[in-house]
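Residue-level structural notes
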Amino acid sequence: MRTAFELSQVIDRVLYKIHSLGLNGWKIKTLDAIRRCRTAVLGGHIDVCSDCGYTKLSYNSCRNRHCPKCLGDKSNKWIHNQTRNLLPVPYYHVVFTLPQELNSLCLGAPCEIYNILFDSAWKTIQVFSSDPKYLGAKSGMIAVLHTWGQNLSLHPHLHCIIPAGGVDHNENWKFTRSKGRYLFPVKALSQVFRAKFMALLIQSGLSNCPTIQKSLWSKPWIVYAKRPFASVHAVIEYLARYTHKIAISNHRICHIDDSNVTFRYKDYRQKGIVKKLTLTHEEFIRRFSMHIMDKRFVRIRHYGILSSSWKRGKLQSLQSKLHVRLSSLSSNSKYRICPCCKSGTMITLLTFDSRGPPQAILLQYPSLCSA
């Protein structure tokens, strides 16, 4: 559903001075893609219903993963595929958060620091899952990187989905010893996470400053663990919310004027109270751009028994042992159902470039002129 105010409108207003914001070429290219998304500049296509003859003109999307208009289809397709890879066991939601002292390094070398974040989080889970005291088996993890806070500030953290158990040396399922109360002790998790991250950070040579290292060692790091999900369906719903989320959606933008942008955010320091924040166009785009990742950076990663290598054979064997029944997946997307009659299928009649649809088509389908 189209909203009154959009991120693209803010980009339009700073376009003439975007180079003064100090952004690299990839970030400028990303902002330009978002600005052009679903406009005549990218061309489009005309669909017609197989039953009622309803016609619809649609402009092409930019398909950029940072675009608020392009997330829906990608998220649903990804979740659609994940339903085949989850096991009928409890899953925990664990969040690994970096302290704010690392923000300057995150801005200067984001890919390197975020890779260390992924690696240290998984190494931490491996320490506890391999320990017979807690599990004594091979675990798995799906990790999703978020770099933002609700007010678009820098707040790097990993949202992780971890099964309440693992696979033993005979490739049989083994549950954690906590009897579903918790995954692993949170305080111990945070201490090991800090040690693993600091070891990788020092090894990378990105921070040789003794003052920063002392500050990072002296404070507790935050690892947050929720109670297990009620069902696999609940895990799917969670993934749908988090996997393809971006720093801000169009629905949170309340107002745009000649100078400022106002948007809603939740203040979690005050129990999630919804507030409004007003920023200049330049500051808004600067904050948003902090969360644009490099083109090849992978923001969703799978580990252990949830990794791609396990999906080729071993996962199917484990699912069979756990009596998993996979439902047949329909090849017809719900987005191809006619929005008018609700029964026919939308079929692409033709595609067109930035010059627009042929005049003969517009004469044949007059309703497209007002689309």
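What counts and how
Residues numbered from 1 in each chain as written. Predicted model: local features only at pLDDT ≥ 70, side-chain atom pairs only at ≥ 80, totals over all residues. Heavy atoms only, no water. Pairing = 2+ DSSP bridges. Helix = DSSP H or I, 4+ residues; strand = E, 2+ residues; numbered from the N terminus. Axes fitted to C-alpha atoms, helices over the stretch in contact; angles between N-to-C directions. Contact = heavy atoms within 4.5 Å. Buried < 20%, exposed > 50% of the residue type's maximum accessible area, 1.4 Å probe, protein only. Polar contact = N/O pair within 3.5 Å; in protein donor to acceptor, adjacent residues only side chain to side chain. Patch = residues over 30% accessible without salt bridge, like charges linked within 9 Å, V, L, I, M, F, W, Y side chains within 5 Å. Areas by Shrake-Rupley, 256 points an atom, 1.4 Å probe, with all protein chains shown as cover. Salt bridge = Lys/Arg side-chain N within 4 Å of Asp/Glu carboxyl O. Lys, Arg positive; Asp, Glu negative; His and termini not counted. Charge placed at Lys NZ, Arg CZ, Asp CG, Glu CD. pLDDT = per-residue confidence, 0-100. Expected span 1.5 Å × (residues − 1). Arc of directions from axis to C-beta. Core = buried A, V, L, I, M, F, W, Y, C linked by side-chain atoms within 4.5 Å. Parallel < 35°, antiparallel > 145°, perpendicular 65-115°, else oblique. Left-handed = near helix turned anticlockwise from the far one by under 90°. Phe/Tyr/Trp six-rings, centres within 6.5 Å; stacked < 30°, edge-to-face > 60°. Lys NZ or Arg CZ within 6 Å of the ring centre and 35° of its normal.

The pairing of strands in a sheet comes from backbone hydrogen bonds and takes either a parallel or an antiparallel form. On the basis of which strands lie adjacent, the open sheet formed by five strands has the order E8-E3-E5-E4-E12 and antiparallel pairing. Only two strands of the sheet have a single partner each, and these edge strands are strand E8 (223-225) and strand E12 (300-304). Averaged over all pairs of adjacent strands, the angle between strand axes in this sheet comes to 20°, irrespective of strand direction. In this fold helix H5 (residues 110-130) packs onto strand E3 (91-97), strand E4 (140-148), strand E5 (154-163) and E12, with an angle of close to 145° to the strand it touches most, E4.

Before going further, it helps to examine the side chain of histidine 93. Its place among the elements puts histidine 93 in strand E3. By relative accessible area, which is 2% here, histidine 93 ends up buried. For histidine 93, the side chain forms a polar contact with the side chain of histidine 159, separated by 3.1 Å.

Attention now goes to the environment of cysteine 254. Mapped onto the elements of the fold, cysteine 254 is located in strand E9 (residues 253-256). For the pair cysteine 254 and tyrosine 268, spaced 14 residues apart in sequence, the C-alpha to C-alpha distance is 20 Å. If we ignore the near neighbours within four places in the chain, the residues touching cysteine 254 are Phe5, Thr262, Phe263, Arg264 and Lys276.

Quick look at a positive patch on the surface now. On the surface, Lys226, Arg241, Lys245 and Lys266 cluster together into a patch of positive charge. Its location among the elements puts lysine 266 in strand E10 (residues 260-267). Residue classification places lysine 266 among the partly exposed residues on the basis of a relative accessible area of 40%.

Per-residue pLDDT for the protein averages 88, and the proportion of residues at 70 or more is 91%. In this model, residues 328-334 is a region of pLDDT below 50 whose contacts with residues beyond four sequence positions or in other chains number four contacts.

Taking burial as the measure, the seven residues of E3 include seven buried ones, the bulk of the element. Residues Tyr91, His93, Val95 and Thr97 line one face of E3 and the alternating positions Tyr92, Val94 and Phe96 line the opposite face, and both faces are buried. As paired elements, E3 and E5 share seven bridges and run antiparallel to each other. Considered in E5, the bridge of threonine 97 is made with histidine 157. Relative to E8, E3 is paired through three bridges, and the arrangement is antiparallel.

Glancing now at helix H6 (residues 186-204). Relative to the 27 Å expected for 19 residues at 1.5 Å per residue, H6 spans 27 Å between its end C-alpha atoms, a close match to the ideal helical length. Every buried residue of H6 is accounted for by Leu189, Ser190, Phe193, Arg194, Phe197, Met198, Leu200 and Leu201. One side of H6 carries all its buried residues, which in axial view fall inside an arc of 165°. Of the residues one or two after H6, glycine 205 is the one with positive phi, at around 80°.

Going through the model one piece at a time under the given rule, you end up with ten salt bridges. Residue glutamate 283 pairs with arginine 287 through a salt bridge whose shortest N-O separation is 2.8 Å. Remark: arginine 287 and glutamate 283 occur in helix H9 (residues 281-289); sequence separation between them is four residues, near one turn of the helix. Classification of arginine 287 by relative accessible area gives buried; the value is 17%. Residues joined by salt bridges that share partners form a network here, namely Asp12, Asp32, Arg35 and Arg36.

Attention now goes to the sheet that holds E9. Strand order in the open sheet formed by three strands is E9-E10-E11, and the pairing between neighbours is antiparallel. Sheet topology places E9 and strand E11 (273-280) at the edges, where each strand pairs with a single neighbour. The average undirected angle you get between the axes of adjacent strands in this sheet is 25°. Taken strand by strand, H9 contacts E9, E10 and E11, and its axis lies near 115° from that of E11.

Moving on, we come to the nonpolar core. Ranked by size, the top nonpolar core spans 41 residues in total, and within it Phe96, Leu98, Leu158, Phe197 and Leu201 carry the most contacts. Contributing elements (two or more residues each) for this core: E3, helix H4 (103-108), H5, E4, E5 and H6. Aside from chain neighbours lying at most four places away, what touches leucine 201 is Leu102, Leu105, Ile113, Ile116, Leu206, Ser207 and Leu216. The next biggest cluster of nonpolar side chains, apart from the first, holds 28 residues, and it includes Ile18, Cys70, Ile248 and Ile256.

Moving on: the packing of H5 against H6. Between H5 and H6, the shortest axis-to-axis distance is 8 Å and the interhelical angle comes to 135°. If you check the angle between H5 and H6, you find them oblique. Classified by chirality, the crossing of H6 by H5 is right-handed. Residues Ile113, Ile116, Leu117, Asp119, Ser120, Ala121, Lys123, Thr124, Ile125, Val127 and Phe128 of H5 form the contact with H6, whose own contacting residues are Ala188, Leu189, Val192, Phe193, Lys196, Phe197, Leu200, Leu201 and Ser204.

Turning our eyes to something else, we now look at the packing of aromatic side chains. One pass over the structure, following the stated rule, counts 13 aromatic pairs. For the ring pair phenylalanine 118 and phenylalanine 297, a centre distance of 6.4 Å and an interplane angle of 50° mean the geometry is tilted. On the criterion of sequence distance, the pair formed by phenylalanine 118 in helix H5 and phenylalanine 297 in the loop between H9 and E12 is long-range, its members being 179 residues apart. This pair shows no difference in class: phenylalanine 118 is buried, exactly as phenylalanine 297 is. When the ring of phenylalanine 193 is compared with that of phenylalanine 197, the centres are 6.4 Å apart and the planes differ by 65°; the resulting orientation is edge-to-face. You can see phenylalanine 193 and its partner phenylalanine 197 sitting in helix H6, four residues apart, about one turn around the helix. Across this residue pair, the class does not change: phenylalanine 193 and phenylalanine 197 are buried. A network of ring pairs unites the aromatic residues Phe96, Phe193, Phe197 and Trp221 as a single cluster. Against the face of phenylalanine 118 rests arginine 301, its NZ or CZ located 4.0 Å from the ring centre.

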